[in-house]
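Given next are the chains, with one letter for each unit.
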Amino acid sequence: MTSHQTTQTMKPATAAKKLGVYLEATPAEFQEGVVSRTELNALQADPPQWLQELRRNGPHPRPVVAAKLGISISGLARGGVTEPLTTEQIDALKQESPEWLQQERATQAEVRKEAARIKEKTAARDEQTR
């Protein structure tokens, strides 16, 4: 008796999120179809020209924009950035370095510092209990 395995598929929005690209900027055939796990793995392993171009120049989704600016997604919203940005626009924002961006970067640095402190404290406590 053989087991029949069904192909795992996902919506284009999920695949775009996993690929780190803005769905509306992808080709129509990508947006309209379903993506199998095998196809997603193939896109990640050997990205086609359109995917390379999107990753390089954008427009980028909010999580990617936030990461490139070194801030949180909510920091983007507080700064008034609600639309996807291109790499060129992100670079321009970095050059301008508006006050809100400086503030959000400082906030993000504090969050990372606190997370590291808590991790150290937890590790030290775990070490003592052994």
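Summary of the structure given here.

What counts, and where the lines are drawn
Residues numbered from 1 in each chain as written. Predicted model: local features only at pLDDT ≥ 70, side-chain atom pairs only at ≥ 80, totals over all residues. Heavy atoms only, no water. Buried < 20%, exposed > 50% of the residue type's maximum accessible area, 1.4 Å probe, protein only. Helix = DSSP H or I, 4+ residues; strand = E, 2+ residues; numbered from the N terminus. Arc of directions from axis to C-beta. Contact = heavy atoms within 4.5 Å. Polar contact = N/O pair within 3.5 Å; in protein donor to acceptor, adjacent residues only side chain to side chain. Core = buried A, V, L, I, M, F, W, Y, C linked by side-chain atoms within 4.5 Å. Phe/Tyr/Trp six-rings, centres within 6.5 Å; stacked < 30°, edge-to-face > 60°.

### So, helix α7 (residues 87-96)
Since there are 3.6 residues in each turn of an α-helix, residues three or four apart along the chain are aligned in direction.
Phase 1 of the analysis: Along α7, the residues that are buried comprise Thr-87, Ile-90 and Leu-93. For α7, the angular spread of the buried residues around the axis is 120°, confining them to a single face. Opposite the packed face of α7, turned more than 90 degrees from it, sit the exposed residues Glu-88, Gln-95 and Glu-96.
Phase 2 of the analysis: Those residues of α7 that are buried lie in contact with α4 (49-57), α5 (62-69) and α8 (99-129).
Phase 3 of the analysis: Phi turns positive one or two residues past the end of α7, at Ser-97, with a value near 45°.

### What about the side chain of His-60?
Phase 1 of the analysis: Along the polypeptide, His-60 turns up in the loop between α4 and α5.
Phase 2 of the analysis: At 3.5 Å, the side chain of His-60 and the backbone nitrogen of Gly-58 are in polar contact.
Phase 3 of the analysis: Apart from the residues within four sequence positions on either side, His-60 is in contact with Tyr-22, Leu-54, Arg-55, Val-65, Lys-68, Pro-84, Leu-85, Thr-86, Thr-87 and Ile-90.

### A short note on the nonpolar core
Phase 1 of the analysis: Residues Met-10, Ala-15, Ala-16, Leu-19, Val-21, Phe-30, Val-35, Leu-40, Leu-43, Leu-51 and Leu-54 constitute the largest nonpolar core, which totals 11 residues.
Phase 2 of the analysis: Put simply, the parts of the chain that give this core at least two residues each are α1 (12-19), α3 (37-45) and α4.
Phase 3 of the analysis: It is α1 that provides the largest number of residues to this core, a total of 3 residues.
Phase 4 of the analysis: Those residues in contact with Val-21, other than ones at most four positions away along the chain, are Ala-16, Thr-26, Leu-51, Leu-54, Arg-55 and Pro-61.

### Re the packing of aromatic side chains
Phase 1 of the analysis: Per the stated rule, a full pass over the model turns up 1 aromatic pair.
Phase 2 of the analysis: Taking the centre distance of 5.4 Å and the plane angle of 55° together, the rings of Phe-30 and Trp-50 count as tilted. On the criterion of sequence distance, the pair formed by Phe-30 in helix α2 (residues 28-32) and Trp-50 in helix α4 is long-range, its members being 20 residues apart.

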